[in-house]
There are 2 protein chains.
Amino acid sequence: MTTVNALSEIAALMGDPARASMLSLLMDGRAHTASDLAHNAGITAQTASGHLARMVEAELLAARAQGRNRFYRLASPEVAHAIESLMALAGTRATPASKSAAWRRDPDLRFCRTCYDHLAGQVGIAVTDSLTRQGHLEPKGPRDWQLTPSGELFCGKLGVDLGTARQASTRHFARQCLDWSERRPHISGALGAAIADTFFKRGWAERLRRSRTVRLTDSGRRALGSHFGATV
Amino acid sequence: MTTVNALSEIAALMGDPARASMLSLLMDGRAHTASDLAHNAGITAQTASGHLARMVEAELLAARAQGRNRFYRLASPEVAHAIESLMALAGTRATPASKSAAWRRDPDLRFCRTCYDHLAGQVGIAVTDSLTRQGHLEPKGPRDWQLTPSGELFCGKLGVDLGTARQASTRHFARQCLDWSERRPHISGALGAAIADTFFKRGWAERLRRSRTVRLTDSGRRALGSHFGATV
DNA sequence: TAGATACTTCGGCCCCCGCCGAACCATTGA
DNA sequence: TCAATGGTTCGGCGGGGGCCGAAGTATCTA
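Since the model is a prediction, treat every value here as computed from it, not as a measurement.

1. Here we look at the pattern of salt bridges
Applying the stated criterion across every chain, the model contains 6 salt bridges over all chains. Among the ionic pairs, A:E206 bridges to A:R215, the shortest N-O distance being 3.0 Å. Given the relative accessible area of 37%, A:E206 is considered partly exposed. In this structure, the salt-bridge partner of B:R166 is B:E152, at a minimum N-O distance of 2.7 Å. Placement of B:R166 in helix α9 (residues 162-167) and of B:E152 in helix α8 (residues 149-158) is noted, with a sequence separation of 14 residues between them.

2. Re the protein's contact with DNA strand D
Taken together, 23 residues form the shell around DNA strand D, and within it A:Q46, A:H51, A:R54, B:S35 and B:Y72 come nearest. Within 4 Å of the protein, the contacting atoms of DNA strand D are 72% sugar and phosphate, with bases supplying the remainder. One nitrogen or oxygen atom from the side chain of A:R19 is found 3.0 Å from a phosphate oxygen belonging to DNA strand D. Contact between DNA strand D and B:Y72: a phosphate oxygen at 2.7 Å from a side-chain N or O atom of the residue. Examining the composition of the surface near DNA strand D, we find that 4 residues originate from one element, helix α4 (residues 45-57) of chain A, more than from any other. The class makeup of the residues in the surface near DNA strand D is 6 nonpolar, 10 polar and 7 charged.

3. As for the side chain of B:T33
Residues and elements named next belong to chain B. Looking at the secondary structure, you find T33 in strand β1 (residues 32-33). Look at T33 and you get buried, because its relative accessible area is 15%. In this view, T33 contacts N69, R70 and F71; residues no more than four positions away in its chain are not counted.

Cut-off values and rules
- Residues numbered from 1 in each chain as written.
- Chains lettered and ligands numbered in written order.
- Predicted model: local features only at pLDDT ≥ 70, side-chain atom pairs only at ≥ 80, totals over all residues.
- Heavy atoms only, no water.
- Salt bridge = Lys/Arg side-chain N within 4 Å of Asp/Glu carboxyl O.
- Buried < 20%, exposed > 50% of the residue type's maximum accessible area, 1.4 Å probe, protein only.
- Helix = DSSP H or I, 4+ residues; strand = E, 2+ residues; numbered from the N terminus.
- Near = heavy atom within 4 Å.
- Polar contact = N/O pair within 3.5 Å; in protein donor to acceptor, adjacent residues only side chain to side chain.
- Nonpolar A, V, L, I, M, F, W, Y, C, P; charged D, E, K, R; others polar.
- Contact = heavy atoms within 4.5 Å.

In structure tokens form, the structure reads like this:
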């Protein structure tokens, strides 16, 4: 019967140790990169790629390309539910907080970090939310934003170097970037980099050496409140 | 991690078409014989035996030997739940009914037959249900019943030979026997045999030669109504 | 434009596991 | 006691699929 075949196909997909390991990691509800999943499962990138493609094909996972990364997440709560009920059978409960995931234990990293060259984490989200809420930024296409006239003005007052940002013609200007701790898009691209630059230049934030973690200074905290209307 | 391995092992068990077919059939909540399951899955008995052993080992199934048959059923509602959630993912619902199985086509056999030396089929179930409903029989342990004082009286009036039944010390007195057409327990053991004996002696039922089929006579039908409060 | 990084595709190796034939036990019915 | 039936175990065959190295594509950085 078709229903039986469908059952066995889905179950067989979950039945491979490498794929199960990936699904297990994805049970945290977040999106992970292909390399992240490959490393976690202890297999090479090309093997993982095949596994991931098959699971996307079967609609167990959803993929989203972002720059040269590809983020994968569980396709639906139903998938998570099925996995959880299988784990329950094994006598062990689903452990959403997989211990490995180092960044999860690091609240500072979740709070603020660099993502390539722009800000991510709660601060990155706060800035992005503020800009959209105040009408400075509006969606343009599926993965971009554009700066509104008020946004131009706002950036000018802040000292964001829009000129240089616009010169990098080879680069997206205001791109949506999926924040992997907050699971929501924050601003990246040339504008995101320029904004981050401003934060560093004005002493609002400083990089911690040998880490992606960024520390928000006291003046940075005040600036977030006064300029962005955000308390973090 | 152990939880990941457990997930993949359980899922892999369900991921084989033959095993999935068996599990699918067992989703009706009933117990099925090994041959029944093998036939339904389209594989030979020996292949099925291996599959079944593995699933019992993994506690997906529970097995119960009965004579030369072996009945398998899902080990728990949790197993059914997990299977159902996987089927839900496949977008198709579970299909409980299966067509084949020869005895299913023989209504007389389903109605009344001997099971070793006691009554089975709808009549056997009707008698058992009547006894428990009227408080003559009550559960004792996982697979036995015991006769209550009112049950002693009732059997005495009916002419059931309890003395002889109790003498067979080597044998269970009132045992639960899984009825393979009704899929519910009916009464077996020495008491079940004694009751069946009464049916034959009083002309309520008669065996058909060369068959396990039992014919309920007109007086038997009346007796079922008057003594057991059952219409069949 | 060149080089690095993330990911995918391709090709071939190898092992796991599902399958059945044959033989072996256990229970039942005659 | 003997055949018939249901079930299991054993051994060997064969195919599917997981794995990686190598090479190819896309994207970002300089």
